[in-house]
Amino acid sequence: MFKLYYVANMVDSDGLNINDVVYRKELNSKDNEGFIGFFDWLRADESIIVGIRICYFENQPYNELLRHLPYIRPTFDGKCMELLFGENTYNPDLSGDQDFTNNYVFKSKGGDYLFTFGLDHLTDKELSSLLKYCEALNRDSLQTGH
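Each value, and the rule that gives it
Residues numbered from 1 in each chain as written. Predicted model: local features only at pLDDT ≥ 70, side-chain atom pairs only at ≥ 80, totals over all residues. Heavy atoms only, no water. Helix = DSSP H or I, 4+ residues; strand = E, 2+ residues; numbered from the N terminus. Buried < 20%, exposed > 50% of the residue type's maximum accessible area, 1.4 Å probe, protein only. Pairing = 2+ DSSP bridges. Axes fitted to C-alpha atoms, helices over the stretch in contact; angles between N-to-C directions. Salt bridge = Lys/Arg side-chain N within 4 Å of Asp/Glu carboxyl O.

Next up on the list: unusual backbone geometry. With a phi close to 55°, Asp77 is a non-glycine residue in the positive phi region. Counting through the fold element by element, Asp77 comes out in the loop between β6 (73-75) and β7 (80-84). On the basis of relative accessibility, which here comes to 80%, the residue Asp77 falls in the exposed class.

So, in structure tokens, the structure goes:
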């Protein structure tokens, strides 16, 4: 199962605490300073986001992990993965951002993954449409100490 979280003004951190689960930034993601691929927001129209297309570079270990999740749809010959948040369709002509910001991967000791994506290029309407799928978290509650 996937869960979406929203944090306003995220701080760069090597560790995050979400609901008493500590996630540490994966070494591969950290070493590449989050430059591990790109992502596209999938839009139903010009201001409504209904999903995300994740396109990690070919050598990234996250591709194989994501490819086997039941809620992920591989696209572009398996080079990208799409996650629709609730709706079943999107407009491909409006869904090609190729954004690279805040694209980190975190992992918990229990083997759960957390993928981050920057929201700084979204309009207020786009962000509002995305937030209906998210649980808002307080930035201060994410601190892990180390």
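This part covers the sheet that holds β6. Spatially, β4-β5-β7-β6 is the arrangement adopted by the four strands of the open sheet, whose pairing is antiparallel. Only two strands of the sheet have a single neighbouring strand rather than two, namely β4 (37-45) and β6. Neighbour to neighbour, the strand axes of the sheet diverge by 30° on average, direction disregarded. With three bridges joining them, β6 and β7 adopt antiparallel strand pairing. If you follow Arg73 over to β7, its bridge partner there is Glu82.

So, about the pattern of salt bridges. Evaluated as defined, the whole model comprises nine salt bridges. Across the pair Arg53 and Asp40 runs a salt bridge, and its minimum N-O distance is 2.7 Å. In this pair, Arg53 sits in strand β5 (residues 48-56) while Asp40 sits in strand β4, placing the two residues 13 residues apart along the sequence. Given the relative accessible area of 5%, Arg53 is considered buried. Judged by relative accessible area, which is 3%, Asp40 ranks as buried. The shortest N-O distance in the salt bridge between Arg43 and Glu126 comes to 2.7 Å. Separated by 83 residues along the polypeptide, Arg43 in strand β4 and Glu126 in helix α3 (residues 124-131) bring together distant segments of the chain.

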